[in-house]
Amino acid sequence: MKIFRIFMHCIRDAFKSVFRNISLSLASISCIAITLVIVAIAIIASYNVENFTKEIEKDITIVVFVENDATQEDEEKITEKIKSMNNVASYKFISKIDASEDMSNSSDVLKNVLSGFKEEDNPLK
(Lines give C-alpha, C1' and ligand atoms only; values in the text may rest on other atoms or scores of the structure.)
Protein backbone atom coordinates (compact mmCIF):
# COMPACT_ATOMS: atom_id res chain seq x y z
CA MET A 1 0.00 0.00 0.00
CA LYS A 2 2.91 2.31 0.74
CA ILE A 3 4.26 1.80 -2.81
CA PHE A 4 0.91 2.81 -4.25
CA ARG A 5 0.91 6.05 -2.18
CA ILE A 6 4.47 6.87 -3.25
CA PHE A 7 3.59 6.23 -6.89
CA MET A 8 0.48 8.45 -6.68
CA HIS A 9 2.51 11.16 -4.93
CA CYS A 10 5.07 11.11 -7.78
CA ILE A 11 2.33 11.32 -10.43
CA ARG A 12 0.67 14.26 -8.58
CA ASP A 13 4.00 16.12 -8.30
CA ALA A 14 4.74 15.50 -11.99
CA PHE A 15 1.42 17.04 -13.06
CA LYS A 16 1.92 20.01 -10.71
CA SER A 17 5.38 20.62 -12.21
CA VAL A 18 4.05 20.41 -15.75
CA PHE A 19 1.32 22.96 -15.09
CA ARG A 20 3.60 25.32 -13.15
CA ASN A 21 6.10 25.41 -16.01
CA ILE A 22 3.72 25.06 -18.96
CA SER A 23 5.98 26.90 -21.44
CA LEU A 24 8.96 24.63 -20.76
CA SER A 25 6.73 21.57 -20.87
CA LEU A 26 5.29 22.55 -24.25
CA ALA A 27 8.77 23.28 -25.57
CA SER A 28 10.10 19.89 -24.50
CA ILE A 29 7.00 18.07 -25.81
CA SER A 30 7.28 19.82 -29.18
CA CYS A 31 11.03 19.04 -29.40
CA ILE A 32 10.39 15.38 -28.71
CA ALA A 33 7.53 15.27 -31.23
CA ILE A 34 9.61 16.97 -33.94
CA THR A 35 12.50 14.59 -33.29
CA LEU A 36 10.21 11.56 -33.55
CA VAL A 37 8.74 12.85 -36.82
CA ILE A 38 12.21 13.42 -38.30
CA VAL A 39 13.38 9.96 -37.23
CA ALA A 40 10.23 8.37 -38.70
CA ILE A 41 10.73 10.18 -42.01
CA ALA A 42 14.39 9.09 -42.12
CA ILE A 43 13.45 5.45 -41.46
CA ILE A 44 10.75 5.49 -44.14
CA ALA A 45 13.07 7.14 -46.66
CA SER A 46 15.81 4.61 -45.90
CA TYR A 47 13.42 1.70 -46.39
CA ASN A 48 12.14 3.15 -49.66
CA VAL A 49 15.65 3.67 -51.04
CA GLU A 50 16.65 0.13 -50.09
CA ASN A 51 13.49 -1.32 -51.64
CA PHE A 52 13.98 0.76 -54.80
CA THR A 53 17.56 -0.43 -55.28
CA LYS A 54 16.56 -4.07 -54.77
CA GLU A 55 13.82 -3.73 -57.39
CA ILE A 56 16.27 -2.17 -59.85
CA GLU A 57 18.78 -4.95 -59.23
CA LYS A 58 16.14 -7.59 -60.00
CA ASP A 59 14.94 -5.91 -63.18
CA ILE A 60 18.22 -4.89 -64.78
CA THR A 61 19.20 -6.66 -67.98
CA ILE A 62 22.35 -6.09 -70.01
CA VAL A 63 22.53 -7.17 -73.62
CA VAL A 64 25.90 -7.83 -75.26
CA PHE A 65 26.21 -8.01 -79.02
CA VAL A 66 29.03 -9.90 -80.72
CA GLU A 67 30.39 -8.68 -84.04
CA ASN A 68 29.50 -10.59 -87.20
CA ASP A 69 33.08 -11.63 -87.92
CA ALA A 70 33.64 -13.07 -84.41
CA THR A 71 34.75 -16.67 -84.28
CA GLN A 72 33.57 -19.40 -81.95
CA GLU A 73 36.70 -18.83 -79.85
CA ASP A 74 35.83 -15.15 -79.46
CA GLU A 75 32.34 -16.06 -78.31
CA GLU A 76 33.76 -18.54 -75.80
CA LYS A 77 36.20 -15.92 -74.46
CA ILE A 78 33.36 -13.44 -74.00
CA THR A 79 31.27 -16.11 -72.29
CA GLU A 80 34.12 -16.88 -69.89
CA LYS A 81 34.62 -13.19 -69.11
CA ILE A 82 30.92 -12.82 -68.35
CA LYS A 83 30.95 -15.94 -66.15
CA SER A 84 33.97 -14.66 -64.21
CA MET A 85 32.25 -11.40 -63.24
CA ASN A 86 31.06 -11.61 -59.65
CA ASN A 87 28.02 -9.35 -60.09
CA VAL A 88 26.41 -11.37 -62.92
CA ALA A 89 23.64 -13.64 -61.65
CA SER A 90 22.97 -15.44 -64.93
CA TYR A 91 23.55 -15.16 -68.63
CA LYS A 92 21.91 -16.55 -71.73
CA PHE A 93 23.40 -16.81 -75.20
CA ILE A 94 20.94 -16.26 -78.04
CA SER A 95 22.12 -16.75 -81.59
CA LYS A 96 21.03 -14.45 -84.42
CA ILE A 97 18.69 -17.07 -85.83
CA ASP A 98 17.04 -17.65 -82.44
CA ALA A 99 16.66 -13.89 -81.92
CA SER A 100 15.08 -13.52 -85.34
CA GLU A 101 12.63 -16.34 -84.63
CA ASP A 102 11.77 -14.94 -81.18
CA MET A 103 11.10 -11.51 -82.64
CA SER A 104 8.99 -12.97 -85.44
CA ASN A 105 6.95 -14.98 -82.93
CA SER A 106 6.51 -12.05 -80.52
CA SER A 107 4.38 -9.86 -82.80
CA ASP A 108 2.94 -9.72 -86.29
CA VAL A 109 4.46 -6.29 -86.94
CA LEU A 110 8.00 -7.56 -86.34
CA LYS A 111 7.25 -10.64 -88.40
CA ASN A 112 6.23 -8.43 -91.34
CA VAL A 113 9.31 -6.23 -90.93
CA LEU A 114 11.69 -9.19 -90.80
CA SER A 115 10.00 -10.90 -93.74
CA GLY A 116 10.78 -7.81 -95.85
CA PHE A 117 14.50 -8.56 -95.60
CA LYS A 118 16.20 -11.04 -97.85
CA GLU A 119 18.03 -13.90 -96.14
CA GLU A 120 21.49 -12.38 -96.67
CA ASP A 121 20.37 -8.80 -95.80
CA ASN A 122 18.59 -9.64 -92.54
CA PRO A 123 20.50 -7.88 -89.75
CA LEU A 124 19.63 -10.65 -87.30
CA LYS A 125 20.84 -13.54 -89.44
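Predicted model only: the values in this text are computed from it and were never measured.

A. View of the overall build of the chain. Along the chain, the regular secondary structure elements total five helices and zero strands. Secondary structure of the chain in N-to-C order comes out as α-α-α-α-α. For the chain, the C-alpha radius of gyration of 34 Å lies well beyond 14 Å, the compact-globule estimate for 125 residues. Taking the principal axes of its C-alpha atoms as reference, the chain extends roughly 100 × 35 × 30 Å. For the chain, the accessible area works out to roughly 11,400 Å², and carbon and sulfur atoms hold 63% of it. The average position of the 15 basic charges and that of the 19 acidic charges among the side chains of the chain differ by 25 Å.

B. Representation of the layout of surface pockets within the structure. As a volume, the largest pocket reaches approximately 1,300 Å³. Along the wall of the largest pocket there are 32 residues; nearest its centre are Ile62, Val63, Val64, Phe65 and Lys92. Elements represented by at least two residues in the lining of the largest pocket include exactly helix H3 (72-84) and helix H4 (96-106). Looking at the lining of the largest pocket element by element, the count peaks at six residues for H3. Broken down by class, the residue content of the lining of the largest pocket amounts to 18 nonpolar, seven polar and seven charged.

C. Up close: a negative patch on the surface. A grouping of Glu67, Asp69, Glu73, Asp74 and Glu76 is seen on the molecular surface, where their side chains present a negatively charged patch. Mapping Asp74 onto the fold places it in helix H3.

D. Molecular detail of the packing of H4 against helix H5 (residues 108-115). Where H4 contacts H5, the two axes come as close as 5 Å, and the packing angle between them is 130°. Taken together, the axes of H4 and H5 are oblique relative to one another. Here Ser100, Met103, Ser104 and Ser106 of H4 come into contact with H5, specifically with Leu110, Lys111 and Leu114.

E. A look at a nonpolar patch on the surface. Together, Met1, Phe4, Phe7, Met8, Ile11, Phe15, Val18, Phe19, Ile22 and Leu26 line one region of the surface with nonpolar side chains, adding up to about 1,100 Å² of accessible area. Of all the elements in the fold, those that place two or more residues in the nonpolar patch are helix H1 (2-20) and helix H2 (22-59). In terms of residues, the nonpolar patch owes the most to one element, H1, which gives seven residues. Its location among the elements puts Phe7 in helix H1.

F. Local environment of the environment of Ser104. Relative to the elements of secondary structure, Ser104 occurs in helix H4. Ser104 sits 34 residues away from Ala70 along the chain, and the two C-alpha atoms are 25 Å apart. Apart from residues no more than four positions distant in its own chain, Ser104 is found in contact with Lys111 and Leu114.

Criteria and cut-off values
Residues numbered from 1 in each chain as written. Predicted model: local features only at pLDDT ≥ 70, side-chain atom pairs only at ≥ 80, totals over all residues. Heavy atoms only, no water. Helix = DSSP H or I, 4+ residues; strand = E, 2+ residues; numbered from the N terminus. Rg over C-alpha atoms; globule rule 2.2 N^0.38 Å. Areas by Shrake-Rupley, 256 points an atom, 1.4 Å probe, with all protein chains shown as cover. Lys, Arg positive; Asp, Glu negative; His and termini not counted. Charge placed at Lys NZ, Arg CZ, Asp CG, Glu CD. 1 Å grid on protein atoms, 1.4 Å probe; cavity = no way out; pocket = protein on both sides within 12 Å on 5 of 7 lines; lining within 4 Å. Points joined across faces, edges and corners; volume = space filled by probe spheres on them. Nonpolar A, V, L, I, M, F, W, Y, C, P; charged D, E, K, R; others polar. Patch = residues over 30% accessible without salt bridge, like charges linked within 9 Å, V, L, I, M, F, W, Y side chains within 5 Å. Salt bridge = Lys/Arg side-chain N within 4 Å of Asp/Glu carboxyl O. Axes fitted to C-alpha atoms, helices over the stretch in contact; angles between N-to-C directions. Parallel < 35°, antiparallel > 145°, perpendicular 65-115°, else oblique. Contact = heavy atoms within 4.5 Å.

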